[in-house]
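Structure at a glance
The residues making up each chain are set out below.
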Amino acid sequence: MPETTRVALAFSGGLDTTVCVPLLEEEYGYDEVIGVTVDVGQPAKEFDEAEETAAALGVEQHVVDAREEFAELCLRSVKANATYQGYPLGTALARPVIAKAIRDVALAEDCDALAHGCTGKGNDQLRFEAVWRDSPLEVVAPVRELGLTREWEKAYAEDRGLPLEGGDEGRYSIDTNIWSRSIEGSELEDPATIPEDDIYDWTDDPSGKEPELVEIEFDAGQPVALDGEPVGPVELIEGLNERAGAHGVGRTDMMEDRMLGLKVRENYEHPAATVLLTAHEALEQLVLTQEERQFKQQVDQQWALKGYQGLIDAPFVDALEGFIETTNERVTGTVTVKLEGGHCRPVGRESAYAVYSESAASFDEETVTGAITQEDATGVAKYHGFQSRLANRAIESARQGANTDE
Ligand code: ARG
């Protein structure tokens with residue numbers, strides 16, 4: 001008897017992944033499709049829908065809980081102050097976590113191949129395949145490879161009587177995990193369209209809301225306590241999404257440059273990410289030297305780019321993290337942020353590693369370390385801008401020379 005072939009499909013129960021099931025059997029010839037859904041903090045409703053759709057399709061469905069692992073990666077991104085063009089990378093960082101979990105299920109279940117329902121336009125195909133192509137399994141992408149459009153998929157699904165979450169795909173394409181909620185599509189595709197309030201789910205209209213203070217304690221760059229109470233990563237992020245979301249904190253409406261060059265209009269909600277990134281950076285401002293801060297901005301930007309590309313496993317990222325970890329050893333202390341009117345801003349910070357010296361800043365004491373006095377600055381002030389003055393003088397006299405030559 002010939003061996004049966006199996007393919008593990010990244011399954012959400014949405015239109016793309018639903019039409020993939022019969023296509024993988026009929027067009028690609030796999031005997032069996034198994035669905036894998038990875039929990040990175042999507043709403044419970046999404047799992048119910050995936051389960052129902054899988055059952056209706058007769059697909060064996062696996063659910064992997066990766067929330068803890070994903071939350072830890074999100075906090076790793078905080079040490080790198082990671083945002084890409086202003087976006088805190090929720091979707092991007094979740095992809096390698098999801099891809100690895102699916103690969104592991106596929107290997108454990110003796111699958112021959114891995115499949116996703118991504119189109120050929122987006123970033124996710126690249127992020128998934130960067131992980132999957134390192135495995136011995138085949139990689140297939142039916143929507144991209146067969147050049148399917150949503151219109152075609154809808155007609156095909158109707159034709160086949162495929163189950164489609166009550167037939168309503170929703171107006172927007174939404175991707176949710178604990179770090180961010182991304183909303184795209186429909187009228188939002190026009191960059192000029194001002195979003196209706198109903199696109200938001202995590203962030204409220206803050207008008208009339210009393211401002212609130214939140215104290216976050218960091219240990220070596222890792223947030224460990226909220227208002228003095230120790231919290232784990234998942235609880236911390238979920239708690240801050242609630243609290244800061246109630247103040248309308250963490251909305252982003254942006255033009256995003258995708259990896260393949262396409263510009264796309266994106267709307268995001270990310271209250272916890274905004275709070276943690278703001279607080280972390282405020283503490284770095286206190287404990288790092290100017291040159292460390294300046295160089296770290298470049299390191300952080302490179303980290304965020306790799307995060308966006310779904311390439312956090314690159315040795316380059318390990319090297320960047322060498323610098324990030326070393327500097328973050330001193331990012332220990334507490335920061336108080338104020339949530340007010342859709343904004344989050346630091347209003348207090350303290351650390352045993354503070355480079356700040358009150359006596360030096362206020363000249364209350366004559367000396368700081370060693371015998372430095374105010375008068376010592378006189379020589380520095382004389383030299384400050386010296387080279388520019390020399391250059392300006394040279395430019396002026398050269399021009400005068402050129403004028404008299406005429
Ligand atoms: N553009 C973002 C990214 O590539 C998020 C896309 C999320 N997808 C969605 N259907 N809303 O990271």
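The structure displayed is predicted, hence computed values, not measured ones.

Criteria and cut-off values
- Residues numbered from 1 in each chain as written.
- Predicted model: local features only at pLDDT ≥ 70, side-chain atom pairs only at ≥ 80, totals over all residues.
- Heavy atoms only, no water.
- Core = buried A, V, L, I, M, F, W, Y, C linked by side-chain atoms within 4.5 Å.
- Buried < 20%, exposed > 50% of the residue type's maximum accessible area, 1.4 Å probe, protein only.
- Contact = heavy atoms within 4.5 Å.
- Near = heavy atom within 4 Å.
- Polar contact = N/O pair within 3.5 Å; in protein donor to acceptor, adjacent residues only side chain to side chain.
- Areas by Shrake-Rupley, 256 points an atom, 1.4 Å probe, with all protein chains shown as cover.
- Helix = DSSP H or I, 4+ residues; strand = E, 2+ residues; numbered from the N terminus.
- Nonpolar A, V, L, I, M, F, W, Y, C, P; charged D, E, K, R; others polar.
- Patch = residues over 30% accessible without salt bridge, like charges linked within 9 Å, V, L, I, M, F, W, Y side chains within 5 Å.
- Salt bridge = Lys/Arg side-chain N within 4 Å of Asp/Glu carboxyl O.
- Lys, Arg positive; Asp, Glu negative; His and termini not counted.
- Charge placed at Lys NZ, Arg CZ, Asp CG, Glu CD.
- Pairing = 2+ DSSP bridges.
- Axes fitted to C-alpha atoms, helices over the stretch in contact; angles between N-to-C directions.
- Parallel < 35°, antiparallel > 145°, perpendicular 65-115°, else oblique.
- Left-handed = near helix turned anticlockwise from the far one by under 90°.

1. What to know about the nonpolar core
Counting residues in each nonpolar core, the largest one holds 76 residues, and the members touching the most others are Leu89 and Trp303. When neighbours within four sequence positions are excluded, Leu89 is seen to be in contact with Ala82, Tyr84, Trp179, Trp303, Ala304, Gly307 and Tyr308. In terms of nonpolar packing, the next biggest core, distinct from the first, is built from 24 residues, Leu9, Leu57, Val140 and Leu162 among them.

2. Things to note about the site of the ligand
Close to the ligand lie Tyr87, Thr91, Ala92, Asn123, Arg127, Ser173, Asp175, Ser182, Glu184, Glu256, Glu266 and Tyr268, which account for all nearby residues. Contact between the ligand and Ser182: a nitrogen atom at 2.7 Å from a side-chain N or O atom of the residue. One of the side-chain N or O atoms of Glu256 is found 2.8 Å from a nitrogen atom in the ligand. Computed on the free molecule, the ligand has an accessible area of 350 Å², of which 91% lies beneath the protein chains in the complex. Where the shell around the ligand is concerned, the elements lending two or more residues are helix 4 (90-108), strand 6 (173-176), strand 7 (181-184) and strand 12 (263-269). Of the residues assigned to the shell around the ligand, the class counts are 3 nonpolar, 4 polar and 5 charged.

3. As for a negative patch on the surface
A cluster of like negative charges, contributed by Glu196, Asp197, Asp204 and Asp205, occupies part of the molecular surface. Structurally, the position occupied by Asp197 is in the loop between strand 7 and strand 8 (212-219).

4. Some thoughts on the pattern of salt bridges
Within the structure shown, the criterion is met by 30 salt bridges. Here Arg95 makes a salt bridge to Asp175, at a shortest N to O gap of 2.9 Å. Here Arg95 is found in helix 4, whereas its partner Asp175 is found in strand 6, with 80 residues between them in sequence. Residues Lys263 and Asp257 are paired through a salt bridge, measuring 2.8 Å at the closest nitrogen-oxygen approach. Within this structure, Arg6, Glu32, Glu60 and Glu109 form a network of salt bridges that share partners.

5. Comments concerning the sheet that holds strand 4 (residues 113-115)
One open sheet accounts for 5 strands, arranged 3-2-1-4-5; its pairing is parallel. Of all the strands in the sheet, just strand 3 (60-65) and strand 5 (138-140) have a single pairing partner and so form its edges. Strand after strand, the sheet turns through a mean of 25 degrees between neighbouring axes, direction not considered. Relative to strand 3, strand 2 (residues 32-39) runs parallel, the two being bridged by 6 bridges. What sits directly across from Ile34, in strand 3, is Glu60. Strands in contact with helix 1 (residues 15-26) are strand 1 (6-10), strand 2, strand 4 and strand 5; relative to strand 1, the strand with the most contacts, it is inclined by about 165 degrees.

6. Comments concerning the packing of helix 3 (residues 67-79) against helix 4
At a minimum axis separation of 10 Å, helix 3 and helix 4 run at an interaxial angle of 130 degrees. When the interaxial angle is binned, helix 3 and helix 4 end up oblique. Between helix 3 and helix 4 the crossing geometry is right-handed. Of helix 4, the residues touching helix 3 (which contributes Glu69, Phe70, Leu73 and Ser77) are Gly90, Leu93, Ala94 and Val97. For the contact of helix 3 with helix 4, the residue count by class is 5 nonpolar, 2 polar and 1 charged.

7. With respect to the packing of helix 10 (residues 290-309) against helix 11 (residues 315-328)
Running from N to C, helix 10 and helix 11 point in directions that differ by 140 degrees, and their axes come no closer than 10 Å. It follows that helix 10 is oblique to helix 11 by the angle criterion. Note that helix 10 runs across helix 11; the crossing there is left-handed. The segment helix 10 lies against helix 11, with Glu292, Phe295, Lys296, Val299, Asp300, Gln302, Trp303 and Lys306 engaging Phe316, Val317, Leu320, Glu321, Phe323, Ile324, Thr327 and Asn328. By residue class, the composition of the contact of helix 10 with helix 11 is 8 nonpolar, 3 polar and 5 charged.

8. Thoughts on the sheet that holds strand 6
Spatially, the 4 strands line up as an open sheet ordered 6-7-12-11, and their pairing is antiparallel. In this open sheet, the two strands that pair with only one neighbour each are strand 6 and strand 11 (251-257). Within the sheet, the average angular offset between the axes of one strand and its neighbour, ignoring direction, is 25 degrees. The sheet contact formed by strand 6 and strand 7 spans 4 bridges and is antiparallel. In the strand pairing of strand 7, Ser173 is matched with Glu184.

9. Concerning helix 5 (residues 124-132)
Burial analysis of helix 5 places 7 of its 9 residues in the buried class, the great majority of the element. The complete set of buried residues in helix 5 reads Asp124, Gln125, Arg127, Phe128, Glu129, Val131 and Trp132. In the core, the buried residues of helix 5 are packed alongside strand 1, helix 4, strand 4, strand 5, helix 6 (142-145) and helix 10.

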